[in-house]
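Chain by chain, the residues:
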Amino acid sequence: MNAVPLSIPLAQGMLLAGVLFAFGLIGLLVRRNLIFMLMSVEIMLNAAGLAFIVAGAQWEQADGQIMFLFILTLAAAEVSVGLALVLQLYRHFQTLDADAMSRLWG
Amino acid sequence: MILVWLIVLLLAAGPVAWLLDRRGSQWPRWIALGALAIDLVLALILWTEREAHVSISNQGMWLADLSAPWIPRFGITFHLALDGLSLLLVLLTIFLGVTAVVASWTEIRERAGFFYFNLLWVLAGVLGVFLAMDLFLFFVFWEMMLVPMYFLISVWGHEHRVYAAVKFFLFTQAGSLLMLIAILGLMFIHAQQTGVVTFDYQQLLGTTMDQTVALWLMLGFFAAFAVKLPAVPFHAWLPDAHTEAPTGGSVILAGLLLKTGAYGLIRFAVPLFPDAAQAFAPVAMALGVIGILYGAVLAFAQTDLKRLVAYSSVSHLGFVLLGIFSWNAIALEGAVMQMIAHGITTGALFILVGALQERLGTRDVRRMGGLWATVPRFGAVTLVFAIASLGLPGSGNFIGEFLVLLGSYRVNVFVTVLAALGLVAAVIYSLALIQRTFHGSANESWTAPDLSTRHLVTLGAMIAVQVWLGLYPQPVLDAAGQALQNLHGFGEVVAVVSKG
Amino acid sequence: MPTRCPVCGAEMVDLLWLVPALSLLGFLTLAMAGGWFSRKTIALIGVGSVGLSMVVAGLVGFAFIGSSDSPGQPHDQILWTWLQISGFGPTIGFYLDPLSLVMMLVITLVGFLIHLYSAEFMIDDEGYRRFFAYMNLFVVAMLTLVLGDNLLLLYLGWEGVGLCSYLLIGFWYRDPANGAAAQKAFIVTRLGDVALAIGLFLLFTHLGTFNIQDLMARAAEQWPVGSSLATIAAFLLLGGAVGKSAQLPLQTWLPDAMAGPTPVSALIHAATMVTAGMYLIARTHVLYSLAPTAQTAVAVIGAVTLLLAACSALVQRDIKRVLAYSTISQIGYMFLALGVGAWAAALFHFTTHAFFKALLFLAAGAVIQSLHEEHDIYRMGGLRRALPVTFWTFLIGAASLAGFPLVTAGFYSKDWILWEAWASPLGSPWLWGAGVTGAFLTALYSFRLVFNVFFGEAKTEVGSRPGLMMEGPLIVLAAGSLVVGFLEVPRALGDVSLFSEFVRSVLPSFETTASITTELALQIATMLAALLGIAAAYILFLRRPGLVTAVTGTVWGSALSRFWIEGWGLDRLYDTWFVRPFLWVAQTNKDDLIDRVYTGLAWLIRQFFAALHRTQTGQVRWYAAVLAAGSVVIVALVVLS
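Residues numbered from 1 in each chain as written. Chains lettered and ligands numbered in written order. Predicted model: local features only at pLDDT ≥ 70, side-chain atom pairs only at ≥ 80, totals over all residues. Heavy atoms only, no water.

Novice: Pulling in residues and values, what's your account of the interface of chain C and chain B?
Specialist: With 46 residues of chain C in contact, the opposing surface of chain B contributes 59 residues. Carbon and sulfur atoms supply 72% of the area buried between chain C and chain B, which totals about 4,800 Å² over both sides. If you sort the residues of chain C by the area they bury against chain B, Tyr173, Arg190 and Phe201 of chain C come out on top, with a joint share of 15%. In this assembly, chain C and chain B are joined by 16 residue pairs in polar contact (both at pLDDT 80 or more). The element best represented in the side of chain C that touches chain B is helix α6 (residues 176-207) of chain C, accounting for 14 residues. Looking at the side of chain C that touches chain B, its residues break down into 31 nonpolar, 8 polar and 7 charged. (Contact = heavy atoms within 4.5 Å. Buried area = accessible area lost by both parts, 1.4 Å probe. Polar contact = N/O pair within 3.5 Å; in protein donor to acceptor, adjacent residues only side chain to side chain. Helix = DSSP H or I, 4+ residues; strand = E, 2+ residues; numbered from the N terminus. Nonpolar A, V, L, I, M, F, W, Y, C, P; charged D, E, K, R; others polar.)

Following this line, the structure appears as structure tokens:
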């Protein structure tokens, strides 16, 4: 089998995934708007997906790509459910501020 | 079969009473009374059979015995059996059950159906505890008493009912858990040694094991029973629960639930682990004496009438603990006698206090005083039970306390002398009870109806039983004595004690 | 031929059970159905039941003495076995012998007279029925005490009389002071009862029975003289006796017990219940013979008590309190007699004392009622003319109490005790000296009463006068206070020994070695003590009252007088040492310190909960941050470890 030369080194790919994930997390923590928080979650999911792809490419296995497909599906489902919830919440609270919705404290 | 009927009847009457509440509020109480009356008849049949049984043969351990497989895989059987001791306590249960129903007759107006459902189920649980001879079944009944009692306190209780109910539940449950562990431990040890997985009381008797293990298992049982009894320092739930419960609940708590603790000690804790119990006896006797004196001093200090009576229970049950761990014929007979007599005396006192509260709307003695002039019959009947409670000869309490002390004297003179001081302390709080309520000058002017005929009949019957116990206790002593003789480890411990 | 009952044909002595049973019937009727009766019916039942008891007791007594084949033979009537457990089998059974017969006769006779008196005395009281119910119950309990054939039944009676005493002291329940006095009486005597109960445990554990006769036989058999067990047992029984009989150091309850109606004081706190201690010791005298230390203690307690109480009686102002201290003092004489082994003399003094002290109380009650509930003797006076019957009977009672020579019963019984205190092997001149000093003081305080109440000027107007039902018993008791003494006359003065012969089978006497001249000399000393006391009273309280006020006016005089009025400060002592600490402990621990441990535990758990609670903000971003931080920590842990 011919080895496909690696165009991107593993470390750089992982670094990118890590940075993306950190952006997503920071976004999730600092933004209060639910839409932006959802987007941040998307970024984190995609960061994870990127990590899988890079790892799959490194080991020349299809598993990484398959996992990415799963994550993609999951993300789609998550967004649809999430947006629906956001819509409902917006109707209920008339705002998208996540901090305003803290009724679930014990 | 009668044994099953005793329990099933109450279990069945409970839901019926609950359902028929819709038809009218008088239905539940009549159903409860009816079921208990039938039970009383059944128990009396057992009593007459006992006499026949004694005259025919003095052999077998049980007067009635019933066993059916339940969960054979774990060696669990539905095993009920009755000997003299159980019979006495069954009679007491049903008798006090009747009085509790009568005491609640007018007091309970809301959700009466559910009330009598709970009342009947507690009684069924208590009966089960006194009859079960399979440890697993015993535990089931033990827990069955708990939940309805919780509801009785938390739904129909007084001001701090929820607090009291939760406290009651937590204390008892903590003890029960330790007992469950001990039951399982005993079962496993027995299974390891013989290869037989069983929870049956008689098969588990005489299981040999390491001294330390035996002590820990015994303590597991002791924990549950000491909480129920209650022995100081596990008594903290009692005053709250007794005070906050409705009258019927207080009667059952004081008269019966406490007795399940004493019964458990006599039936399980000591016979299953005779050596460990003997090693532990000095501590338990000391706890008994502390309970006698501590409870009495606390009772004296109370201004809440129900709390006063509640703490007097702690003192009285101290005698029971002392008697049980003296573990000789006289002291044990005394302990049984004290259990029955205390059930009646304290039950009656709770009925009286409850009726007084129903009339005056308060239990605070600082607002009473001089009530004799207003309600003389009330005063006279309370006086009778107060002096029974201080252990005056001629009452069953005297027989109980005297026998306990007489028996414990041979085991430990010092402890007995201290416990005898409890007799003085009992006078102090019993007289204080009378002085602060019925005697003395009136602090407020009350107008209240005197005792109703319904109450007079119930309390009159209780006085009659009390005097009968005091002057001719022989039938009770015979019934209990025969059962006590058969207890496992009875002879051994007595022998050891008389040597020392 | 044993005497048979003319009605039922049963053997007469077998009617013994009826004596307490009749009074019991009276009690039950009054307690359960009395609400429907008129006052007349109530009195009829209350007095009648005791009267019937008295009649039956008399018949039984005659049968007992007169039975031709076995005169004076003890008779044990067992009704049923009380309880039976492995060797422990006390019965409900009545034992009749000369000792219990004397007690029974005195109790029923004096009891009946006092009931009769009360029927008039209490007529205006709202608690008429309650009074008679309690009184009847008392008679039952007292009879059970003296008739019980075993110590447990005796104990039943013992506690029963204590209960009735409590109920009757606090009879007028509205006044909290009466309730306090009643509770004090019950609690203090109960302290003694606990000692008695422990004594019972000891006796049963070592001798294996409660039957008194068996017990005494076994004790004599198994325990040598002076054995420690016998001594301990005797001391424990003595503890019960000093409680019930109000001797040192438990006598403080009796003066306060005067809060009860006067007939109660007469019956319970003078004639019968308080002498139960004497009865107990006399009944178990075999045990005391085995324990010389304990017996000496009895004598010393008796001697000291009689002196202390006599001093207190001297200074009281309340007529009933004088009599109460006098009772303590006279029971001191009985204990003195018991302590020197003069069992019969103690019983004899009990008998005469029952008559004259009941008489004194009833007469005092008549005085008090006539003067509108006036108790202070310094506000009485001059009643000689206004209440002649009361005066003469009271005078006879006081003379008897003072031991007025030759004609009064009190003289003969007291003289007997003093003689034995000297002549008995256990006696000593010291004990005799205490007794004679006591005799002088007794005469002094009794006539202090007579002179202050009946002589001098009238200070309070006389209201109602006692009627026939009150005066009748007074006269009968006065007659008794005079003639009962002639049952036992000392050698030098006529030598009658009916009483000591009668009880000899139960209460043995000892051979005396002292000569008749010594006896006569001592008797003259006793007479002189009494006469001197009366004379001194005459001078101090009637002729020259200034002398007394001169003495009490001084600093020391007034201090001493106050000290005596307070009963030698014992009340205060007990208050500081026992009552207050107990109250303090009770009050401090009112909310149950052990409960604090549990509430403390609950508090801790709640704090823990509160700490965790703070992390639960409900903000999604906070959760996400914590989630991230947690993951970082876990990863770091895994990587770094």
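Novice: Before we move on, can you summarise the pattern of salt bridges with the specific residues and values?
Specialist: Taken as a whole and judged by the stated rule, the model has 21 salt bridges over all chains. Note that aspartate 595 of chain C and lysine 167 of chain B form a salt bridge whose closest N and O atoms lie 2.7 Å from each other. Here aspartate 595 of chain C, found in helix α26 (residues 593-614), pairs with lysine 167 of chain B, found in helix α6 (residues 161-194), and the two come from separate chains. Judged by its relative accessible area of 11%, aspartate 595 of chain C falls in the buried class. (Salt bridge = Lys/Arg side-chain N within 4 Å of Asp/Glu carboxyl O. Buried < 20%, exposed > 50% of the residue type's maximum accessible area, 1.4 Å probe, protein only.)

Novice: Residue-level account of unusual backbone geometry, with values.
Specialist: Going from leucine 229 of chain B to proline 230 of chain B, the amide bond is cis rather than trans, its omega being -10°. Structurally, proline 230 of chain B is set in the loop between α8 (211-228) and α9 (237-244). Cis rather than trans, the peptide bond between leucine 248 of chain C and proline 249 of chain C has omega equal to 0°. With respect to the helices and strands, proline 249 of chain C occurs in the loop between α8 (228-244) and α9 (253-256). For glutamine 94 of chain A, which is not glycine, the phi torsion reads 60° and is therefore positive. Mapped onto the elements, glutamine 94 of chain A comes out in the segment after α3 (63-93). In the Ramachandran plot, tryptophan 327 of chain B falls in the positive-phi region, its phi being about 50° despite a non-glycine side chain. Secondary-structure assignment places tryptophan 327 of chain B in the loop between α12 (305-326) and α13 (329-360).

Novice: Hey, could you go over the domain arrangement of chain C for me, with residue numbers and the actual values?
Specialist: Domains assigned within chain C are domain 1 (343-543) and domain 2 (594-640). Just the C-alpha atoms count here: the centres of domain 1 of chain C and domain 2 of chain C sit 88 Å apart. (Domains from an automatic or database assignment.)

Novice: Quick rundown of empty space enclosed by the protein? Include the residues and the values.
Specialist: Applying the stated criterion across every chain, the model contains 7 cavities of 30 Å³ or more. Taken as a whole, the largest cavity holds about 110 Å³ of empty space. Contributing to the lining of the largest cavity are 14 residues, with Gln251, Thr252, Pro255, Tyr325 and Gly567 of chain C lying nearest its centre. Looking at the lining of the largest cavity, the elements that each hand over two or more residues are α9, α13 (292-315) and α14 (319-339) of chain C. Tallied by class, the residues present in the lining of the largest cavity amount to 6 nonpolar, 4 polar and 4 charged. Size it by volume and the second largest cavity reaches roughly 60 Å³. Taken together, Gly391, Pro393, Phe398, Glu401, Phe402, Leu405 and Leu423 of chain B together with Tyr155, Glu159, Arg190 and Phe201 of chain C make up the lining of the second largest cavity. For the lining of the second largest cavity, the elements supplying multiple residues, two or more each, are α15 (396-411) of chain B together with α5 (151-169) and α6 of chain C. (1 Å grid on protein atoms, 1.4 Å probe; cavity = no way out; pocket = protein on both sides within 12 Å on 5 of 7 lines; lining within 4 Å. Points joined across faces, edges and corners; volume = space filled by probe spheres on them.)

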